[in-house]
Amino acid sequence: MKQISVTVVDPVGLHARPATVAVNAASKFKSEVKVSYKGRTVNMKSIMGVMSLGIPTQSEITVTCDGEDEDVAVKTIEDVLRAQKVIA
């Protein structure tokens, strides 16, 4: 299992557009990919799950990947969130 904890810096938080890009990236992996915020954990391959967390700016989130391609999955999701300027 691999995980990263990051702070959301986008002024709007983790909103629909970057969340969709992150969900699409997560969906390409065989590993189980989850995102946690304030004690709630959802499947990062589900846009409805991610959006249900309502993650605002300056929030710490944890992305967890567990499976055969977990190393690549966690790195890719971190890179996607950085490219979308959601995290610094």
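- The name given to the protein in an unreviewed UniProt entry is Phosphocarrier protein HPr, with the source organism recorded as Grylomicrobium aquisgranensis.
- Regarding the protein, the UniProt comment filed under Subcellular location (unreviewed entry) reads as follows: "Cytoplasm".

1. A look at the environment of Gly49
Alright, step 1. Secondary-structure assignment places Gly49 in helix H2 (residues 47-52).
Alright, step 2. Each C-alpha atom, one on Gly49 and one on Ala19, is 10 Å from the other, the two residues being 30 residues apart in sequence.

2. Structural notes on the packing of helix H1 (residues 16-26) against helix H3 (residues 70-83)
In a packed pair of helices, the relevant descriptors are the angle between the two axes and the axis-to-axis distance.
Alright, step 1. Interhelical geometry of H1 versus H3 gives an angle of 160 degrees and a closest axis separation of 9 Å. If you check the angle between H1 and H3, you find them roughly antiparallel. Here H1 and H3 pass one another in a crossing that is right-handed. Contact with H1, carried on its side by Val21, Ala22, Ala25 and Ala26, involves Thr76, Ile77, Val80 and Leu81 of H3 and no other residues of that element.

3. Structural notes on the UniProt feature "domain: HPr" (unreviewed entry) in the protein
Alright, step 1. The residues that UniProt annotates with the feature "domain: HPr" (unreviewed entry) are residues 1-88.
Alright, step 2. Note that residues 1-88 is 35% helix and 26% strand, and that its end C-alpha atoms are spaced 23 Å apart.

4. Comments concerning the pairing of strand S2 (residues 32-37)
Alright, step 1. A one-sided burial pattern is seen for S2, the buried positions being Val33, Val35 and Tyr37 and the unburied ones Glu32, Lys34 and Ser36.
Alright, step 2. Relative to strand S4 (residues 60-66), S2 runs antiparallel, the two sharing five bridges. Residue Glu32 lies in a different strand from S4, and its bridge partner there is Asp66.
Alright, step 3. As paired elements, S2 and strand S3 (residues 40-43) share four bridges and run antiparallel to each other. By the bridge assignment, Ser36 is partnered in S3 with Thr41.
Alright, step 4. Counted between consecutive antiparallel strands, the loop separating S2 from S3 contains two residues, among which Lys38 sits at a positive phi close to 50 degrees.

Here is what the cut-offs are and how they apply
- Residues numbered from 1 in each chain as written.
- Predicted model: local features only at pLDDT ≥ 70, side-chain atom pairs only at ≥ 80, totals over all residues.
- Heavy atoms only, no water.
- UniProt positions renumbered as here; feature names shortened; annotations may be inferred.
- Helix = DSSP H or I, 4+ residues; strand = E, 2+ residues; numbered from the N terminus.
- Axes fitted to C-alpha atoms, helices over the stretch in contact; angles between N-to-C directions.
- Parallel < 35°, antiparallel > 145°, perpendicular 65-115°, else oblique.
- Left-handed = near helix turned anticlockwise from the far one by under 90°.
- Contact = heavy atoms within 4.5 Å.
- Buried < 20%, exposed > 50% of the residue type's maximum accessible area, 1.4 Å probe, protein only.
- Pairing = 2+ DSSP bridges.

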